Amino acid sequence: MARTLSFKDAVNEAIDQEMTRDPTVIMMGEDIVGGTGSPGEADAWGGVLGVTKGLYAKHGDRLMDTPLSESAYIGAAIGAATCGLRPIAELMFLDFLGVCFDQMYNQAAKFRYMFGGKAETPVTIRAMVGGGFRAAAQHSQMLTPIITHVPGLKVVCPSNAYDAKGLLIQSIRDNDPVIFCEHKNLYAHEVDVPEESYAIPFGEANIAREGTDATIVAYGLMVHRATEAAENLAKDGIDCEVIDLRTLSPIDMDTVYESVESTGRLICVDEANPRCSIASDVTASVTQEIFSSLKAAPQLVTAPHTPVPFSPVLEDLYIPSAEQVADAVRKTMAT
Amino acid sequence: MSDEKITPLIMPKWGLSMKEGKLSDWLIEEGTNIAVGDEIMEVETDKIANVVEAADPGLLRRRVATAGETYPVRALLGVLASEDISDADVDAFIEAFEMPVIEDDDDAEAAPLYEFAETSVGRLRYAVRGNEGPVVLLIHGFGGDLDNWLFNIDALATSAKVYALDLPGHGQSTKQLAGADLSGLATAVLAFMDTVGVESAHLVGHSVGGGVAATMAFDAPDRVLSLSLISSAGLGREINSQYIDGFVNSVSRRELKPVLINLFADSKLVSRSLIDDLLKYKRIDGVQGALESLSAALFADGEQKTILTEKISSLDVKTLVVWGAVDEIIPASHAQSLENADVQVIQGAGHMVQMEQASQVNDLIKEHIAG
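Residues numbered from 1 in each chain as written. Chains lettered and ligands numbered in written order. Predicted model: local features only at pLDDT ≥ 70, side-chain atom pairs only at ≥ 80, totals over all residues. Heavy atoms only, no water.

Draft legend 1. Representation of the domain arrangement of chain B within the structure. Residues and elements named next belong to chain B. Here chain B is described as being made up of domain 1 (3–96) and domain 2 (115–370). Distance between the C-alpha centres of domain 1 and domain 2: 32 Å. Between domain 1 and domain 2, roughly 1,200 Å² of surface is buried when both sides are summed, and carbon and sulfur atoms account for 54% of that area. Joining domain 1 to domain 2, the criterion identifies 0 salt bridges. At the junction of domain 1 and domain 2, the tally comes to 2 residue pairs in polar contact (both at pLDDT 80 or more). Residues belonging to the side of domain 1 that touches domain 2 are distributed by class as follows: 4 nonpolar, 2 polar and 4 charged. (Domains from an automatic or database assignment. Buried area = accessible area lost by both parts, 1.4 Å probe. Salt bridge = Lys/Arg side-chain N within 4 Å of Asp/Glu carboxyl O. Polar contact = N/O pair within 3.5 Å; in protein donor to acceptor, adjacent residues only side chain to side chain. Nonpolar A, V, L, I, M, F, W, Y, C, P; charged D, E, K, R; others polar.)

And the structure:
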C-alpha cells in the first residue's frame, strides 16, 4: 500500500525490511545506534541525522557502533562482505572518503576482477552528499564524479523517497560494492512509497518530465531544480524533458540518447564541481555518439570550481539554481 | 436567467484518484451544435489521456477553459445554451458557477479511495462505489489492477453498488497466489465476497478476469447473477504470447512501452504514468514470481490452456460478451464462440475496450444488468 514517506524514512524502511528478510545483512558506522556518551537508551541517536533510529531496537547487535575510524570500519565491512555477510556501512559524509578510499577503490572495486570473477563483495556504503545544509566546505561536497570514475564501484544517487527505497534494496541485494549517496537536503522530501519491498534495477534512468524541445539531464537534488526550471519554461512555451539518471554507475545513456535524438538539445545539471563531472561525462558521450542529432551546443550547469562556501549567501549562489538551468535551456533554444 | 436552458460542460472525474485534469484540446468550435456522444475535447490526467464525449446535446456558446491548462474535477469548461439565451445570461451563468477546489487527501468527508479486506487468501485491496441497486463486481485481467476500471466504476455506481478488487498477485493485494490458475483466482474472489458480505453479484470480467468470472459461475452458480465478459480469456485458444512474454519480462520503460501499445487501438493512450505505474507494480517483491506462475499456468506454449465455452454454454446464466474490434491480445473472433450470449463488438477499440470506449461499454453493462 502506498503512502507518503520522507526520503529519510524510506532509507530506514529499506534497511529494516532487508535486515528482516536476510539475516546476513548487518550494519556498522559511527553513532548509528547510540553514540558515544549518549544517555541510557541504547538507540538514542540513530545516526548523526537519525536515519537509522529504531533499527537497533528491532535488530539488536546486527547494528554496530564503530570507533571513529573510517579506514577501520569501511575496511571491516568490505572484508565481511567477502566472507559471506551483506554489510551496510554508513560513511556519514562522503566528504570523509579520503580516509578510507584505499579500501574502496583499490580493494573492494578490484576483488571480482583480480580473483578471476570468483570473489564477490556485496557491501553497501551509505553516505550523505551535497550542499545547502550550512555545513561548510568539508561536509557539503558532491564527490560523485570521483567514485563514478572507478570501475568496479556502483554509484547510486536518488532524487526522491520512492527511488531511495527501491535503489537501496537493490544496492543491498547487489553482489558488487555500491556507494549509495543520500542528498541531505532531500531527507525531509516526501512522495508516495509502497509499504512492500521492491527493487529498482540499476542503469534505468527515470523520465521525471516528458518534453519535446530540450533534454535536461540531472541527478539527486538537481532533478528538482531541473523540474522547477522546466515548469517555469513551460509558461513561455518551452517544453523540456527532465531525465533523472538515478544511478551514475552503471549509467543509462540509452535513455539520454533517445531523448536528445528527439529534442536536439542537451542541458546537463550537476551539483559537483565542473571539471571531470557527471555533466561533462554525459555531454562528452552525447557529442561523440549522436553529434548529428544536436541542434545547439550542449550546456553544462554545475557548481563553480571552488570549495563549498560557508557563507549562506555564497553557498546559495554556489549550488545551481532553477534560474541558471532555465537560462541554459534558453541559450540552446536561441540557436 | 433560466438555468434549465443552460448546461455546463465540466471536467469529468475518471476513476478513483483523479483530482484534476488538463484540457489538452478543444475538438469543437464555439457555435457548434453537438449531439450526445460527440467528441468535444481531449483531457489528460496523471493516469491517461482520453477524448471526452458530450453527455448532453446543445449549442456550444462559450469555451470557458483554455486548452493546455489544468482544472479541478467538476470545474466549468464550457457552456451549452440555445440561441435564444442572451450573452449576458451566459456571462451571468459563468459568473455564478461555483468552481470546485481540488479535494484534499485528508478530507474527512471523502470516502476512502481504496480499502483492504483481510480474506482467507490474504489481504486484498478493493474499491467500492455507490449504495443502491444490484451488486456489481469488477474483475481485472492479467497484470492489471482495479484502476483498469477507472472510466467505469463511477458510471456504473449511479445505479448499482460496485466493487472492484485487485486479484492476488496484482495491484496492492497480497502477492501470494492461492492457486496459479483460473480456479485459484476464482477461489480468491469468492473469499473476497465472503469477507465483504456479498452473497451474489453481477460479475464483470476483463480478459483473464472474464475467465475468472466464468469459472466462478461454474464453481458457485448461486453467487453469480450474470456475466459480462470483456475481451475475455477462456473463449478460444489464440493469445498474443509475445505480449504476455514481453509484459512478464520487461524491466524498463523502454522495453515495456512497445509491449503496452498492443493493448490499445490508439497508442497515444500509453502515457508515461501508465508505464511508470506498471513498472512500480512489477518491481514489488513477489510480483515477478506471481506473473511467471500465472502465465505458465494460463498461457503455456503460446496458447490459452483453459477453454470455458462449453462450460459457460451449459450454464443458465445471462451472458454479455463485449470485444474491441481491433484487439491485438485476444482476437475479436472469440466473441462469437458463445451461442446464447449477447455479443457486442465495438469499433475503434483494442483489448482495453472498457477504457477506450468507456461510455459504450458502461451503457451495455448497465443495460445487461437491468434487463
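Picking up after the structure, the text goes on.
Draft legend 2. Just the domain arrangement of chain A, in detail. Residue and element names in this part refer to chain A. Per the domain assignment, the segments of chain A are domain 1 (2–194) and domain 2 (206–333). Between domain 1 and domain 2, the C-alpha centre-to-centre distance is 27 Å. Taken residue by residue, the interface counts 26 residues in domain 1 and 24 residues in domain 2. Summed over both sides, the interface of domain 1 with domain 2 buries roughly 2,000 Å², with 59% coming from carbon and sulfur. Our count for the domain 1 to domain 2 interface comes out at 3 salt bridges. The shortest N-O distance in the salt bridge between Asp 316 and Arg 134 comes to 3.1 Å. There are 12 residue pairs in polar contact (both at pLDDT 80 or more) connecting domain 1 and domain 2. (Contact = heavy atoms within 4.5 Å.)

Draft legend 3. Seen up close, the sheet that holds strand 2 (residues 20–26) of chain B. Residues and elements named next belong to chain B. The strand order 5-4-2-7 describes an open sheet built from 4 strands, whose pairing is antiparallel. Looking at the sheet topology across the chains shown, the edges are occupied by strand 5 (49–53) and strand 7 (70–72). Taken over all neighbouring pairs, the strand axes of this sheet differ in orientation by 40° on average, direction set aside. In this structure, strand 2 lies alongside strand 7, joined through 3 bridges in antiparallel fashion. When the sheet's bridge partners are listed, Gly 21 is paired in strand 7 with Tyr 71. (Pairing = 2+ DSSP bridges. Helix = DSSP H or I, 4+ residues; strand = E, 2+ residues; numbered from the N terminus. Axes fitted to C-alpha atoms, helices over the stretch in contact; angles between N-to-C directions.)

Draft legend 4. Broad picture of the sheet that holds strand 3 (residues 33–34) of chain B. All names here are of chain B. In spatial order, the strands read 1-8-6-3; together these 4 strands make up an open sheet with antiparallel pairing. If you trace the sheet from one side to the other, it starts and ends with strand 1 (6–10) and strand 3, each paired once. Note that strand 1 and strand 8 (residues 76–81) share 5 bridges and pair antiparallel. Residue Ile 6 lies in a different strand from strand 8, and its bridge partner there is Ala 81.

Draft legend 5. Fine view of the confidence of the model for chain B. Averaged over chain B, the pLDDT score is 90; the fraction of residues at 70 or greater is 95%. Predicted confidence is poor over residues 105–109 of chain B, with pLDDT under 50, and the contacts of this stretch with residues over four places away or in other chains come to 1 contact. (pLDDT = per-residue confidence, 0-100.)

Draft legend 6. Highlighting the packing of helix 5 (residues 241–249) of chain B against helix 6 (residues 253–260) of chain B. Residue and element names in this part refer to chain B. Taken N-terminus to C-terminus, the directions of helix 5 and helix 6 make an angle of 155°; their axes are 9 Å apart at the nearest point. In terms of orientation, helix 5 lies roughly antiparallel with respect to helix 6. Helix 6 is crossed by helix 5, and the crossing has left-handed handedness. Touching Tyr 243, Gly 246, Phe 247 and Asn 249 of helix 5 are Glu 255, Leu 256, Val 259 and Leu 260, all from helix 6. Grouping the constituent residues of the contact of helix 5 with helix 6 by class yields 5 nonpolar, 2 polar and 1 charged. (Parallel < 35°, antiparallel > 145°, perpendicular 65-115°, else oblique. Left-handed = near helix turned anticlockwise from the far one by under 90°.)

Draft legend 7. Focus on the interface of chain A and chain B. On the side of chain B, 14 residues touch chain A, which itself brings 23 residues to the contact. Buried area between chain A and chain B, summed over both chains or domains, comes out near 1,500 Å², and the portion from carbon and sulfur atoms is 44%. Connecting chain A to chain B are 5 salt bridges. Across the salt bridge formed by Glu 196 of chain A and Lys 175 of chain B, the nearest N and O atoms sit 3.2 Å from each other. Taken together, the connections running from chain A to chain B amount to 11 residue pairs in polar contact (both at pLDDT 80 or more). Sorting the residues of the side of chain A that touches chain B by element identifies helix 6 (161–173), strand 9 (206–209) and helix 8 (253–263) of chain A as the ones contributing at least two each. Across the side of chain A that touches chain B, the residue classes break down as 9 nonpolar, 3 polar and 11 charged.

Draft legend 8. Molecular detail of the packing of aromatic side chains. Residue and element names in this part refer to chain B. Applying the stated criterion across every chain, the model contains 12 aromatic pairs over all chains. Ring plane angle 90° and centroid distance 5.6 Å describe the contact between Phe 142 and Phe 299, whose orientation is recorded as edge-to-face. You can see Phe 142 sitting in the loop between strand 11 (135–139) and helix 2 (153–156) and its partner Phe 299 sitting in helix 8 (residues 287–299), a full 157 residues away along the chain. Pair check on accessibility: Phe 142 and Phe 299 agree, each one buried. Aromatic rings pair up to connect Phe 142, Tyr 243, Phe 247 and Phe 299 into one cluster. In this structure, Arg 123 is placed above the aromatic ring of Phe 116, and the distance from its NZ or CZ to the ring centre is 4.1 Å. The side chain of Arg 125 reaches across the aromatic face of Tyr 114, ending 4.1 Å from its centre. (Phe/Tyr/Trp six-rings, centres within 6.5 Å; stacked < 30°, edge-to-face > 60°. Buried < 20%, exposed > 50% of the residue type's maximum accessible area, 1.4 Å probe, protein only. Lys NZ or Arg CZ within 6 Å of the ring centre and 35° of its normal.)

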